[in-house]
Amino acid sequence: MYSQRPTTETRQTSRSHRRKAPLQLVLILPVALQIVIAVGVTGWLAYLNGKQAVRSLSNQLRQEVALRVIEYLDDELETSVQLNHDNLEFLQYQANLDDLEGLGQQFWRQLQRYETMGVIYFGHTDGRFIAAQRLQDDETFLLIKRELFSAPAEVFYVTEEGEFGEKQGNIDDFVDIRQRPWYVSALEADGMTWGDIFPLQMAPRIDLPVSTPLYNSADELQGVVGNNLTLVAISQFLQELDIGENGGIYVLERDGQLVASSTLLRPFLLNPDGTTERIFATERQASRMQESSNFLLGEFGSFETIQEPHQFNLLIDGEPHFLEVIPYRYSQGLDWLIVIVVPEANYMAQIWANGRNTFLLSLGALALASVSGVATTRWLMRSLLQLNQAAKGIAQGNLQQTVMAGPIREVGELTDSFNLMAHQLQESFAQLQSLNDALSDSESRLTQFLEALPVGVMVHDAQGNLAYINQVGKDLLGIHYLPFLATEAFPEVFQIYRAGTPELYPIGELPSALALQGQTVHRDDLEVLGDDGLIPLEVWASPILDQTGAVIYAIAAFLNVSDRKHAEQQLIHNAFHDALTDLPNRTYLMQRLEMAIQRAREHKESQFAVLFLDLDRFKIINDSLGHLVGDELLITVAHQLKQLVRSSDLAARLGGDEFVLLLEDIQDVSLVEEIAESVLMEMRLPRHLEGRDVVLSTSIGIVIGTGDYEKASDLLRDADIAMYCAKNRGKAQYVIFDSEMHIQALKQLQLENDFRHALRYTEFVVYYQPIVNLKTGGLVGFEALVRWQHPTQGLLPPGSFINFAEETGLIVPLDSWVMYDACRQLREWRSHFPQQEHLRISINLSARDLGHPQLLEDMQDVLTEMQLPPHCLALELTESLLIENIDSTLRFLAQAKAAGIHISIDDFGTGYSSLSYLHQLPVDALKIDRSFVIPMQAERNQEIASTIITLSRQLGLRTIAEGVETNLQRQWLLNLGCTFGQGHFFGEALPASEIPALLCRETLMDEDFEMS
């Protein structure tokens, strides 16, 4: 071997090659420049086109947003108008305008239906007012009622049934509704009109009112009905609109005051004292709203001059923004502006990001081209060197050579044949190894994933054999290894049953079997037998297909749903049972009653009975011993009722102290009466609670049910009527309903309506019975007794309506009126008859009056207004009233006594008061009941009267005898030491017009005095 020396020609060729550009540079530079230029031009064109597209898109988006806002405003305003129209028809043709509570309930139901309505109201021409109002949390509702113009407005919470609930308080400074803008504007417009946006008195909110006058068929004004649209609802809608990341939209009035805004949930200011204040858009400390509104003022001079849509581009804080303003008008003069402000950056952000990406892509492309060129050049050079070495190797006899083929055709032609087989073998082997590794890794991850799942998973092959089951599945099925089982053997081997039956689950309906047929199924009706009993399962199964769509596997996931099943059953139980007593509740009872009615219709001979129970005097037990004791008593009663009825019957709790028994398949009414007697007897037994024996009774109303009833509520209504009849007859008894009771209930309802009308229009008159000195016959005062001048029944005595007034609570406004009118009359008599300044007026009070928290304050206000000294007023309270709530009564009497007002115990000797309380009561006089005075021949009555007089004398109290009808009675009482009296002997109760004749007399015992 030897080396050949280079010739001259060879050296010249070598120097020529060194002067030419290197192969690496020739390959790298053109590719890199092409990539950079192509990406740069493409990015610049994309930026220009994107910017134009953004402007078009922005305009289109703002137009779409504006249309949605206009459509929403049209819908909400039309809803408000339509609601007013519906209420107008309802008040004209269906409603009783005097039934304020009924109107309030109707308005509450409408608030439930229309979520954007804040207040619905109606104002009478006489100043009465009723409204239903939604509070800020959208879950609390109030009813505001003003029964009398002179009275404050009363505010009540609304119950879930829409009835008047707990009283929240009074609004003493409630503005006369006839002076409210919405009332006045409706009358001025003589039709529907929009009012000015105003802040609410009851909640931090601003509303838009719409109101309409109401006329009767004689075209006489009855009042004004209206409703308020909450502007917060509009702001909430605007916030939900997609107007870019930082875009905003707001609505304002022509004077610039804000109506709604997408950036302010409350389009108003809330002052520290709780009052609200309107916002002017030009003064709002929010950059976009203030800048855009001031820009519009600068462009147009006034918001009033904007009469058509306009679009602008403006700078806010140095950033370009799109601005669009659209006038919005609605019927009856509503005229607003819709303003949309969107930063251009919201849409250009992606364009700028694309520009940055283009620049980075250019740099990346350049780097990639350089690296690729270097690598490619080296690769080409390596191929040539390898080809040279391979040629040497072949020359030396080594045929096991492979040469990397280059991209140059000439080199490729030399190396392709040489390298083809070796290259293909090496490439195939590498691919096979890679796929094998990937498959192993995938199988490992899949197994780990399935084992980590909290549900059981099993896989079946195409023949139905179990191929895999994870550990959770093994635990659920009670196995420790993978058994070789076909799908058909599953129900028998693992004891799989259809839920609720003793039958094994059908093989063909198993989720895995259906999945092998190509179905995706879900089942929750499987139960598997475990160590602790049956376990309910929920199963999902799906087929696994190959590339041709053939099923090759079925996979099933199954889960123990015992806890969920138990929770579902508990929820169902709770939905139909009372939480305290665990008795069926009203919902369950109503379903059973409907079923009983339906059964009675289908089987005419079938009868059932409903017993409505109300515990007597339960409230006293609850208030005196506490609610925990009351709850324990209710639980005890519930347990006893369940024991008293048959297994086929039902004992349910309606609520409070009301229970219902449903007796089905009764053959004779005697069975019902027998059960009712058993209940009464059981209730009378003493119960030992909190260390004391509690005696209870109940009143029962019974209805014999037939298929003639239409609804379950009718059954409860009639049973309730019968129960109240039992209470009125003395309690602790049962009454079976008849049709006459329903008629009486309707009459009672009519009496209540007439009574409310009488209160409103002052149909009552006060009669005055003289109270005299038994010795001299001199007049010392009067007892004020109310009479009802009924428009159709004439003058009614108090016995025909006082009990009803106390039950309904209407006795409070009645007694308040009597006190006012009697004090007014006494002031008039004192001014005309100065010699009678010692006269005292006696007013009867009820338990309802004592429950009124402002009773004493109201009495003092009346005395102050009438300029009467406190000793001129005497309050008469019965014995039973005094002991009903002795602690609170003592507090009130002490306060009244300290104020100088006289106190008398009326009908003394007929009640149940304990003498131990008598010395504690700050009273001035005892009134002897007429029953101890009129039958003078009864020695027992004489002894009682004598005892009362002696007792009062020892306690330093005055005595006043009622029912004195003869001079013999007067003389007898006088001899016993009684000081004063009243009765027909001195004069019966007279109207105020006849009293001056008595005031002129020195004594009422003259023989020539003619009794009226």
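Structure shown above.
What counts, and at which threshold
Note on numbering: residues in each chain are counted from 1, in written sequence order. Owing to the predicted nature of the model, reporting of local features is limited to residues with pLDDT of at least 70; listing and counting of side-chain atom pairs is limited to 80 or more, with chain, interface and lining totals taken over all residues. Based on all heavy atoms of the structure, the side-chain values leave hydrogens and waters out of the count. A helix here means a DSSP run of H or I that spans at least four residues, while a strand means a run of E at least two residues long, and both kinds are numbered starting from the N terminus. Burial classes: relative accessible area under 20% of the type maximum marks a residue as buried, over 50% as exposed, and values in between as partly exposed (1.4 Å probe, protein chains only). In this analysis, two residues are considered to be in contact whenever any of their non-hydrogen atoms come within 4.5 Å of each other. Computed by Shrake-Rupley with a 1.4 Å probe, the accessible areas treat only the displayed protein chains as cover when residues are assessed. What counts as an axis is a line fitted to C-alpha atoms, over the stretch in contact for a helix, and the angles between N-to-C directions run from 0 to 180 degrees. When an angle is under 35 degrees it counts as roughly parallel; over 145 it counts as roughly antiparallel; between 65 and 115 it counts as roughly perpendicular; any other value is oblique. Under the convention adopted here, Pro, Cys and the residues Ala, Val, Leu, Ile, Met, Phe, Trp and Tyr are nonpolar, Asp, Glu, Lys and Arg are charged, and Gly plus all remaining residues are polar. Here the positive residues are Lys and Arg and the negative ones are Asp and Glu; neither His nor the chain ends is included. Salt bridge criterion: a side-chain nitrogen from Lys or Arg within 4 Å of a carboxyl oxygen from Asp or Glu. What a helix is expected to span follows from its residue count: subtract one and scale by 1.5 Å. Joining through side-chain atoms within 4.5 Å is the link that ties buried Ala, Val, Leu, Ile, Met, Phe, Trp, Tyr and Cys residues into a set, and such a set is a nonpolar core. Only strands joined by at least two bridges in the DSSP assignment are considered to pair. Every patch collects residues that have over 30% relative accessible area and no salt bridge, joining them within 9 Å if they carry like charges and within 5 Å if they are nonpolar side chains (Val, Leu, Ile, Met, Phe, Trp, Tyr). The atoms used to mark charge sites are NZ of Lys, CZ of Arg, CG of Asp and CD of Glu. Cavity means a closed set of points on a 1 Å grid over the protein atoms alone, one where a 1.4 Å probe fits but cannot get out, pocket means an open set with protein on both sides within 12 Å along at least 5 of 7 lines, and lining means a residue has an atom within 4 Å of a point. Grid points are joined across faces, edges and corners, and a volume is the space filled by probe spheres set on the points. Two rings from Phe, Tyr or Trp (for Trp, the six-membered ring) form a pair when their centres are within 6.5 Å of each other. A pair whose planes differ by under 30 degrees is stacked, one over 60 is edge-to-face, and the rest are tilted. Throughout this description, the term charge over a ring refers to an Arg CZ or Lys NZ atom that lies within 6 Å of the ring centre and within 35 degrees of the ring normal.

1. Quick look at the overall build of the chain
Logical step 1: A tally of regular secondary structure across the chain gives 28 helices and 39 strands.
Logical step 2: Counting only residues that meet the buried cut, the chain has 43% of its 1012 residues in that class.
Logical step 3: For the chain, restricting intrachain contacts to residue pairs at least 6 apart in sequence, the fraction spanning at least 24 positions comes to 58%.
Logical step 4: By element, 52% of the accessible surface of the chain is carried by carbon and sulfur atoms, the whole surface being about 53,300 Å².

2. Considering the packing of helix H14 (residues 618–625) against helix H15 (residues 627–644)
Logical step 1: One can describe the packing of H14 onto H15 by two numbers: an axis separation of 6 Å at closest approach and a directional angle of 135°. It follows that H14 is oblique to H15 by the angle criterion. Judged by residue contacts, Phe-618, Ile-621, Asn-622 and Leu-625 of H14 engage His-627, Val-629, Gly-630, Leu-633 and Leu-634 from H15.
Logical step 2: When grouped by side-chain class, the residues that make up the contact of H14 with H15 number 6 nonpolar, 3 polar and no charged.

3. A closer look at the side chain of Arg-787
Logical step 1: In this structure, Arg-787 sits in strand S31 (residues 779–790).
Logical step 2: Despite its burial, Arg-787 pairs with no opposite charge, the nearest such side chain being Glu-988 at 8.0 Å.
Logical step 3: The contacts of Arg-787, once residues within four sequence positions are left out, are Glu-763, Phe-764, Val-765, Tyr-767, Leu-795, Leu-796, Pro-797, Pro-798, Phe-801 and Ala-989.

4. Looking at the pattern of salt bridges
Logical step 1: All chains considered together, the criterion is met by 30 salt bridges.
Logical step 2: Residue Glu-710 is joined to Arg-601 by a salt bridge in which the shortest nitrogen-to-oxygen separation is 3.8 Å. Of this pair, Glu-710 sits in the loop between strand S28 (697–705) and helix H17 (712–728) while Arg-601 sits in helix H13 (residues 586–602), and the two are 109 residues apart along the sequence.
Logical step 3: By relative accessible area, Arg-601 is classed as partly exposed at 30%.
Logical step 4: The salt bridge partner of Asp-924 is Lys-897, with a shortest N-O separation of 2.1 Å. Here Asp-924 is found in the loop between helix H25 (915–918) and strand S36 (925–928), whereas its partner Lys-897 is found in helix H24 (residues 886–898), with 27 residues between them in sequence.
Logical step 5: Each member of the salt-bridge network shares a partner with another, and the members are Asp-98, Glu-101, Asp-126, Arg-128, Lys-145, Glu-147 and Arg-760.

5. Considerations on helix H16 (residues 669–684)
Logical step 1: Given a rise of 1.5 Å per residue, 16 residues ought to cover 22 Å, and the 23 Å separating the end C-alpha atoms of H16 matches this to within 8%.
Logical step 2: Packing partners of the buried residues in H16 comprise strand S23 (608–616), H15, strand S25 (658–664), strand S26 (687–689), S28 and strand S29 (734–736).

6. Description of the nonpolar core
Logical step 1: By size, the foremost hydrophobic cluster in this structure holds 74 residues, and its most contacted members are Phe-755, Phe-782 and Leu-875.
Logical step 2: The greatest single-element share of this core, amounting to 8 residues, is contributed by helix H20 (residues 811–832).
Logical step 3: Setting aside its immediate chain neighbours within four residues, Phe-782 contacts Tyr-768, Gln-769, Pro-770, Ile-771, Trp-829, Leu-839, Arg-840, Ile-841, Ser-842, Ile-995, Leu-998 and Leu-999.
Logical step 4: Ranked by size, the runner-up nonpolar core spans 59 residues in total, among them Ile-120, Phe-122, Val-251 and Tyr-328.

7. Description of the pairing of strand S37 (residues 958–961)
Working note: regular strand, side chains alternate between the two faces of the sheet.
Logical step 1: Sheet topology note: the S36/S37 ladder contains 4 bridges and is parallel. Residue pairing across strands places Ile-928 opposite Ala-961, the latter belonging to S37.
Logical step 2: With 2 bridges joining them, S37 and strand S38 (residues 980–981) adopt parallel strand pairing. For Ile-960, the partnering residue across the bridge sits in S38 and is Phe-980.

8. Here's the deal with a negative patch on the surface
Logical step 1: Together, Asp-172, Asp-173, Glu-857, Asp-861 and Glu-865 make up a negatively charged patch on the protein surface.
Logical step 2: Relative to the assigned elements, Asp-173 resides in the loop between strand S5 (164–171) and helix H4 (181–189).

9. With respect to a nonpolar patch on the surface
Logical step 1: Together, Ile-544, Ile-552 and Tyr-553 line one region of the surface with nonpolar side chains, adding up to about 220 Å² of accessible area.
Logical step 2: Checked against the element boundaries, Ile-552 lands in strand S22 (residues 551–560).
Logical step 3: For Ile-552, a relative accessible area of 32% gives the class partly exposed.

10. Re the sheet that holds strand S20 (residues 521–530)
Logical step 1: Spatially, 6 strands are ordered S18-S17-S22-S21-S20-S19 in an open sheet, and the strand pairing comes out antiparallel. Two strands in the sheet have a free side with no partner beyond their single neighbour: strand S18 (466–469) and strand S19 (496–498). Strand-to-strand twist across the sheet, computed as the mean angle between neighbouring axes with direction ignored, equals 35°.
Logical step 2: Across 6 bridges, strand S17 (residues 456–461) lies against S22 in antiparallel orientation.

11. As for empty space enclosed by the protein
Logical step 1: Here the structure, examined in full by the defined rule, presents 3 cavities of 30 Å³ or more.
Logical step 2: Its volume calculated, the largest cavity comes out at about 170 Å³.
Logical step 3: Along the walls of the largest cavity sit 13 residues, with Met-458, Phe-490, Ile-496, Leu-526 and Val-539 positioned nearest its centre.
Logical step 4: Within the residue set of the lining of the largest cavity, elements represented by two or more residues are helix H11 (511–516), strand S21 (533–545) and S22.
Logical step 5: Split by residue class, the lining of the largest cavity holds 11 nonpolar, 2 polar and no charged.

12. Some points on the environment of Gln-112
Logical step 1: Summarising the element assignment, Gln-112 is placed in helix H3 (residues 100–113).
Logical step 2: Sequence separation of Gln-112 and Glu-139 is 27 residues, and the distance between their C-alpha atoms is 9.6 Å.

13. Overview of the pairing of S36
Logical step 1: Side-chain alternation along S36 places Ala-925 and Lys-927 on one buried face and Leu-926 and Ile-928 on a second face that is also buried.
Logical step 2: Bridging between strand S35 (residues 902–908) and S36 involves 3 bridges; their strand directions are parallel. Across the sheet, the residue bridging to Ser-904 is Ala-925, located in S36.

14. Considering the packing of aromatic side chains
The description of two aromatic rings rests on the distance between their centres and on the angle between their planes.
Logical step 1: One pass over the full model with this rule turns up 22 aromatic pairs.
Logical step 2: Both rings, one in Phe-300 and one in Phe-312, keep their centres 6.1 Å apart while their planes meet at 80°; by these two values the pair is edge-to-face. One end of the pair, Phe-300, is in helix H6 (residues 287–300); the other, Phe-312, is in strand S14 (residues 310–316), and 12 residues separate them in sequence.
Logical step 3: Members of the aromatic cluster, connected to one another through ring pairs, are Tyr-121, Phe-129, Phe-174, Trp-182 and Tyr-183.
Logical step 4: Directly above the aromatic system of Tyr-505 lies the positively charged group of Arg-498, at a separation of 4.9 Å from the ring centroid.
Logical step 5: The cationic tip of Arg-787 hangs over the ring face of Tyr-767; the distance from NZ or CZ to the ring centre is 5.3 Å.

15. Here we look at the sheet that holds S25
Logical step 1: Strand order in the open sheet formed by 5 strands is S24-S25-S23-S28-S29, and the pairing between neighbours is mixed. At either end of the open sheet lies a strand with only one pairing partner, and these are strand S24 (650–655) and S29. Here the average twist between neighbouring strands, direction ignored, is 20°.
Logical step 2: Of the pairings in the sheet, the one linking S24 to S25 comprises 5 bridges and is antiparallel in character. Its bridge partner being in S25, Arg-653 is matched across the sheet by Phe-659.
Logical step 3: Sheet contacts for H16: S23, S25, S28 and S29; angle to S28, the most-contacted strand, approximately 165°.

16. Considerations on unusual backbone geometry
Peptide bonds are mostly trans, and most non-glycine residues show a negative phi.
Logical step 1: Phi at Asp-582 takes a positive value of approximately 65°, unusual for a residue other than glycine.
Logical step 2: Within the secondary structure layout, Asp-582 lies in the loop between helix H12 (562–575) and H13.
Logical step 3: Classification of Asp-582 by relative accessible area gives partly exposed; the value is 41%.
Logical step 4: The phi dihedral of Asp-665 falls on the positive side, at around 55°, and the residue is not glycine.
Logical step 5: Looking at the element boundaries, Asp-665 is found in the loop between S25 and H16.

17. Describing the packing of H13 against H17
If you want to describe how two helices pack, look at the angle between their axes and the distance between the axes.
Logical step 1: In contact at an axis separation of 8 Å, H13 and H17 are set at 105° when each is read in the N-to-C sense. Taken together, the axes of H13 and H17 lie roughly perpendicular to each other. Contacts between H13 and H17 pair Arg-586, Leu-589, Met-590, Leu-593, Glu-594 and Ile-597 from the former with Ala-712, Ser-713, Leu-715 and Leu-716 from the latter.
Logical step 2: For the contact of H13 with H17, a count of residues per class yields 7 nonpolar, 1 polar and 2 charged.

18. So, the environment of Pro-320
Logical step 1: For Pro-320, the position within the fold is in strand S15 (residues 319–330).
Logical step 2: Taking relative accessible area as the criterion, Pro-320 reaches 36% and is therefore assigned partly exposed.
Logical step 3: Between the alpha carbons of Pro-320 and Val-342 there is a distance of 9.0 Å; along the sequence they are 22 residues apart.
Logical step 4: Look past the residues within four positions of Pro-320 in its chain and what remains in contact with it is Leu-314, Leu-315, Pro-343 and Glu-344.

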